[in-house]
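Tertiary structure, described
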Amino acid sequence: MVQGEKEDIRIKFSRLRNYIRQPHIIISLVLLLLLLFIVLIPFIKMVKDSFIWHFGDTRLSRSARPGSFTIFHWRRILASQITRNVLLRPLLNSLSTALGVSFFALIIGALLAWLLTRTDLPFRRLLATLAVLPYVIPSYIHALAWLTLFKNDRIGGAVGIFQYFFNLSPPNWLSYGYFPIVLTLSIHYFPYTFLLLSASLSSIDSRLEESGEILGATRSYILRRITFPLVIPALLSSFILTFSRALGIFGTPYFLGSPVRFFTLSTQIYSSITNRIPAAGYILALMLVAISSTVIYINQRIIGRRKGFVTIAGKGFRASLTPLGRLKYPALFLVVALLIISVLLPLVLLVWQTLTLYPGDYSLDNLSLLFWIGRGNTEFAEGEAGILRNPAIIKAAWNSIKLALTAAVLSGFIGIFIGYAVVKGRNTKLANSVEQIFFLPYLVPGIAFGALYLSLFTHRIGPIPALYGTFFLVALVCIAKNLPFTGRAGITAMLQIGNELEEASEIAGARWSTRFRRIILPLSIRGALAGFILVFITVMRELSLIILLVTPKTRTLTTMTFRYQEQGYTQFSSAISVLIVLIVVVGELISRKMGKKSII
Amino acid sequence: MKKIIFILLSLCFLFSIILIAPAIGQKEVAEGLSPETVAWLKSAALGDYASETFDEAALYEAAKTEGEVSVYSYSSRVFKFGPTFEEKYPGIKVKGFDIDSPEMVTKVLAEQNAKNYMADVIFIKDPSVVVHELLSRGLVFNYVPPDLKGLIQKDYREPLLVHHTSVDALIYNNEKLSAPPIDSLWDLTKDEWRSRFLFPDPQKMSEFVEVLAAIIENSAGMAADYKRVFGKDIVLSPGVENAGYEWILRTLNNDLVIMASTNDVSNAIGLSDQANPPVGMTAFSRLRDKGKNPNLKFDVMYNIKPVIGVGTKVVICIANQAKHPNAAKLMIHWMMGDEKGGNGYAPYYVLGNFTVRNDVTPVKGSRSMEDLNLWFADPEFVWDEGQKILEFWVANLK
Amino acid sequence: MAVVEVRNLTKVFGEVLAVDGISFAVEESNFLILLGPSGCGKTTILRMIAGLEIPTSGEIYIKDRLVFSSKKGIFVPARKRGVGLVFQSYALWPHMTVFENIAFGLKVKRLKPSDIKEKVEKVLDFMKLEGMTNRYPQEMSGGQQQRVALARMLVSAPDIFLMDEPLSNLDAKLRLEMRADIKNLHRETGATTVYVTHDQVEGMTMASEIAVLNHGIIEQLEQPKKVYHLPSSLFVADFIGSPTINKIEGITALAEEGEGIVEIEFENMLLATSYRQISPGRKVMAAIRPENISLVTAPGKNTLQVQVNTVLPAGAETILQVSHSKLQFNILLTRETDLEVGEKINIYLPPEKILIFDRESAELLPNIS
Ligand SMILES: Nc1ncnc2c1ncn2[C@@H]1O[C@H](COP(=O)(O)OP(=O)(O)O)[C@@H](O)[C@H]1O
Ligand SMILES: [Mg+2]
């Protein structure tokens, strides 16, 4: 009897061993463990850290004992004289900007998607290519360009171009705060909706619509009753994606909001942490995570669990094109105007600004290349050399490129593993949970994600030394945040390869490492490249995510821009922004050369 | 099977919580000087073991064997006095880092906590925090070059060596206006200055918490000046403690414009050709920008009552367990300059910065600090009240 | 000695019972064909033998070595089982040349480069692929890719050849050619082979044994001839043979003349069979292969008058579809004909060619004659 039981356990154990010994199971488990470390533990640590005293807190309260438990910070944020201005109003502002941005981005993107996939608008292909560009440009560049254009004399000094030429001071609401923040971010984010919706629209079989037409329905009726319901998942997805991104954005509200005391949770997190009251920052970051999870939860309830997120995939059917008739050229004009406003104008403005010797003077005799190639030791900007000669900026440029490449390569690599685990274990619970859990980092707003890492890695954890201030930490946060992209790319690549190519090599006697090296990797690398390039671009223009983690040694171009802008050296900040755009565009061109369309 | 995996996962999960738990419970820094610190102080000849004489040659020799010195500096001017130091003392490499003061504190705390000692010289604003969070915990140590002791009065040597005093003052556009448009801080609460008073964000720049603290500490002076201006005693708003706070409240309610940097303030006020230029508070040393940009036209309003501005201290010290203590001492000595100002001090020998050496003549065009009507931020008061003031500020932002 | 033996092999995918406790053994040098409609579990069985799929329960022996046992918790991974597998999709590695594809397995086994070259060249020769060594799979025709896939399997000289519908992606002519080639290959190498197909003609022509599968169960496992002539169940009878077997629903009756001959009653007609000793009144299904029906001029015993509905001439053969009230028959004539649609003809169903199945169990009734 006892013998039999023992036997039983042994067999169960060896069954488990057989199960676990499958490479994709091992990889899934390792990936889940990794996720534990890059998302879950930082999260738990942040919750814990919001309940303890930190060093700087002795300034707040004499009874502060660094390292011991307290609910002081929660009380301070939730119920004190500063609650209204540190939590409630920023919360409202964050919500209303994120909602506004998602709403307008959705409308612009959806309209554009429809015009460029479903109508007979001229130059559709070219326009569709250009329509993605606003996303490639760092979001705060739109904010800086806005200031260049509409800065009024509230914050005095160099006025914007508008006032320079028309001698008319734009009202505050136009220059700063909610309106320009929503507008510039909508311009930055509409490509999301555009891409998701174009994909969805062009995968709708136009016969569905035509059959409606044959039954005598009008175009608008078809649009409302047939087309719209079919693209609802794509619409909701892009709404969520935009919402959670806009929620965590830092640069734009910082530049455009501060002059009129328009604060958001992200700017408050930043000032709490720079003011060395990290617990307050963590609590606000938790609020951000809570909001974005709630919205996602609601979304999932609406469109069901499995179809939660639409991704861009699939070849389209031939769609029948709606003739625009008399509206054709007005529509074309609108689209072109949108693209000029969202891409060309900001860049031209920035470039122009980098060439002005004295800020705010847009006359021709004020043009100079000083901020690009000046030798320094002049009277300008504390005598710093032009950005192409400035060692600190060149170092930051290398940091940026190094960071973007590291993050792209490593997260691309992990993405391949995610793809492998998910595709190999298709339809098993384990694989599904890997697929879903790896979407999590996407949903944690950027600056909150940075805060998570800040809280975990400023101290040593067991054998891991304090990583704060190291390049590795900055890279780690970029890798983690971008896994959803590369995971997607990895899954797509792996689906295209199929199982049998690997199995054939297993039959041929190859162990897993050989199979991976000789078969899986060479075959998936091209597909994974799309994710790789996307990550490169994203990290090159990343600010919100890394602003809390970057130290002088690990400064990147984006944080340098931020620093110069903050100190009032607008020409430098603009010049660096232009440099970033140049690097990103070169990256994009290389990707085109490699023949892969980038995905977002 | 899947259940087992879930159990495994939750085990990992528990394990990791246990792993991070010690990090939370641990006491972050031990009180009192540790034996290692004492040993280091002995070998570095600092603190109680400091020598009484300054032997530059010997220090240079010792520093050369150390080979380098890293300077955490609150300002980018480290890239000016660094290279001149290297010229003067060949063989010692200067690694300069331009880090904002609060970030520097975070960084030093993190380094000390991780026993990863990177910093040698700490050159920083916000002395209250440095004294209470770093010095009192033995994470930084004061070093006054012995040859300078006689040249610097005691409160600039203790508890920390002050490098210079920096003054923040009110400025106006002297192209549009022939004379300062106001003569009291209280004028800024009047309707005619609504949305036209620029003030750097104290949430970003701790220096301006010090400015506000000085105004509050001298609330009696503020109250007296109120009476002078309005001819009656001040009536405090409900819940407001004193005339200093009242002034903050009223300027905020008068739509004080919060600025991102002192540079922004001086550019905003000083730009020529403005119809209705505002006034504002900025670093006195911004006066030097006028020389660089002919379009800038502004000056300090020297006759404001009760004060034209506030003086704050910039301090300098050596980090605990610094790996290059001799080079650090040499660097501090270099940064303090000489009786003519000196190459090391040169970047700070400008309008608006005031040396602590009593043997140095003021910068050309500058009045001596004693002649200026100023209050001085008291690090002890800032330490006690600073965050309260900041919270008051934040709470009353409309 | 059985080279492959499976016992009670079962595989469940979530809710789907893909393979339901099957057992069989393949003797040395035999060519077993797993035949069945798509989705019946053929591929799954093959993959379990290869070690690419972990069975839910059961045992697998390869050359008397236990490679899988759910009871004992044994699972030998594919690369240690010494099997070769040709995939339906060929699964040639697109980033490797023909040479590299074939040499892969040898390189993995760390053979000397000179040996590898020699071996690869030999199989290339054998598979008539000379001169293609440096091509990539995408640059070859389907037939050539098929040969490369076979060559890749051959080169490692595995103990068993497993092939999963290797010809299904080829056009009819090539399929015929390759069928012969594979048969030759088997004859020359004498390798034990398990071959999966849903094409019954392939099964009939190549196998030394056929296992007909249905819903994860083996319905019949015998030599092709037997499976054809004596299908053990209605399913097998139906599945094998083209055009499909003709079926007549009826009830057994005792013959009036000739002792014990079972007759089948349907639509008030009687059909004599060669069966004896089946109790009368049993619900049965009579079946007869299309080629066993002949045309006769005069009506008589076991003769029906039918109307021609369709004439499908196919060169030397002709398929007729005829009907008698509700009954439909396929008839395969091995000659040309000038019959016209609508014509009335007489057909004869020879009693000895009629099979009788039980309608409930769908099993063939034993014919003790
Ligand atoms: N990986 C799998 N996951 C779930 N179901 C599967 C899987 N593989 C096969 N099946 C199911 O098992 C049954 C048998 O499949 P298969 O062996 O491929 O059939 P065949 O090769 O005979 O066409 C089918 O119903 C199929 O849907
Ligand atoms: Mg199959």
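Please read these numbers as outputs of a predicted model, since none were measured by experiment. (Residues numbered from 1 in each chain as written. Chains lettered and ligands numbered in written order. Predicted model: local features only at pLDDT ≥ 70, side-chain atom pairs only at ≥ 80, totals over all residues. Heavy atoms only, no water.)

Residues and elements named next belong to chain C. With respect to spatial proximity, the complete set of residues near ligand 1 consists of F13, V16, A18, S38, G39, C40, G41, K42, T43 and T44. Within the contact set of ligand 1, an oxygen atom lies 2.6 Å away from a backbone nitrogen or oxygen of G39. Taken by itself ligand 1 offers 560 Å² of open surface, and the protein chains cover 60% of this. Residue assignment for the shell around ligand 1 shows that the elements contributing at least two residues are β2 (16-27) and α1 (42-50). Among the elements that take part in the shell around ligand 1, α1 stands out by supplying three residues, more than any other. Split into classes, the residues belonging to the shell around ligand 1 amount to four nonpolar, five polar and one charged. (Near = heavy atom within 4 Å. Polar contact = N/O pair within 3.5 Å; in protein donor to acceptor, adjacent residues only side chain to side chain. Areas by Shrake-Rupley, 256 points an atom, 1.4 Å probe, with all protein chains shown as cover. Helix = DSSP H or I, 4+ residues; strand = E, 2+ residues; numbered from the N terminus. Nonpolar A, V, L, I, M, F, W, Y, C, P; charged D, E, K, R; others polar.)

With that settled, consider the interface of chain A and chain B. Taken together, the contacts link 72 residues of chain A with 71 residues of chain B. A combined buried area of about 6,700 Å² lies between chain A and chain B, and 58% of that area is made up of carbon and sulfur atoms. Counting every contact that joins chain A to chain B gives six salt bridges. Residues R276(A) and E133(B) are paired through a salt bridge, measuring 2.5 Å at the closest nitrogen-oxygen approach. Remark: the boundary between chain A and chain B carries 14 residue pairs in polar contact (both at pLDDT 80 or more). Counting only elements with at least two residues in the side of chain A that touches chain B, the list comes to α1 (2-20), α2 (23-49), α4 (83-118), α14 (265-274), α19 (429-437) and α25 (557-567) of chain A. In terms of residue class, the side of chain A that touches chain B is built from 31 nonpolar, 19 polar and 22 charged. (Contact = heavy atoms within 4.5 Å. Buried area = accessible area lost by both parts, 1.4 Å probe. Salt bridge = Lys/Arg side-chain N within 4 Å of Asp/Glu carboxyl O.)

A few words now on the sheet that holds strand β4 (residues 57-62) of chain C. Residues and elements named next belong to chain C. One open sheet accounts for five strands, arranged β2-β1-β4-β5-β6; its pairing is antiparallel. Edge positions in the sheet fall to β2 and β6 (74-75), since each of these pairs with one other strand and no more. Here five bridges tie strand β1 (residues 2-13) to β4, and the two strands are oriented antiparallel to one another. Looking at β4, one finds that V6 is bridged to I60. (Pairing = 2+ DSSP bridges.)

Attention now goes to the packing of aromatic side chains. Throughout the structure, instances matching the rule amount to 51 aromatic pairs over all chains. Measuring from centroid to centroid gives 5.0 Å for W186(B) and Y226(B), while their planes differ by 85 degrees, and the two rings are edge-to-face. Residue W186(B) is found in the loop between β5 (161-172) and β6 (197-200), and its partner Y226(B) is found in helix α8 (residues 219-230); the two are separated by 40 residues along the sequence. Across the pair, Y226(B) and W186(B) agree in class, each one buried. The aromatic ring of F471(A) is capped on one face by K402(A), whose charged end is 4.4 Å from the ring centroid. A cation over an aromatic ring shows up here: R81(C) above the ring of F75(C), its NZ or CZ 5.2 Å from the ring centre. (Phe/Tyr/Trp six-rings, centres within 6.5 Å; stacked < 30°, edge-to-face > 60°. Buried < 20%, exposed > 50% of the residue type's maximum accessible area, 1.4 Å probe, protein only. Lys NZ or Arg CZ within 6 Å of the ring centre and 35° of its normal.)

Moving on: the domain arrangement of chain B. Residue and element names in this part refer to chain B. Examined at the domain level, chain B breaks down into domain 1 (2-163 + 314-363) and domain 2 (166-311 + 389-395). Taken residue by residue, the interface counts nine residues in domain 1 and nine residues in domain 2. Buried surface at the junction of domain 1 and domain 2, both sides included, amounts to about 860 Å², of which 59% is carbon and sulfur. Put simply, domain 1 and domain 2 have one salt bridge between them. E207 is paired through a salt bridge with K125; the nearest N and O atoms lie 2.3 Å apart. (Domains from an automatic or database assignment.)

Turning next to the arrangement of the chains. Where two pairs of chains are in contact, the pair with the most contacts is made of chains A and B. Chain B shows no contact with chain C. Their nearest C-alpha atoms sit 13 Å apart.

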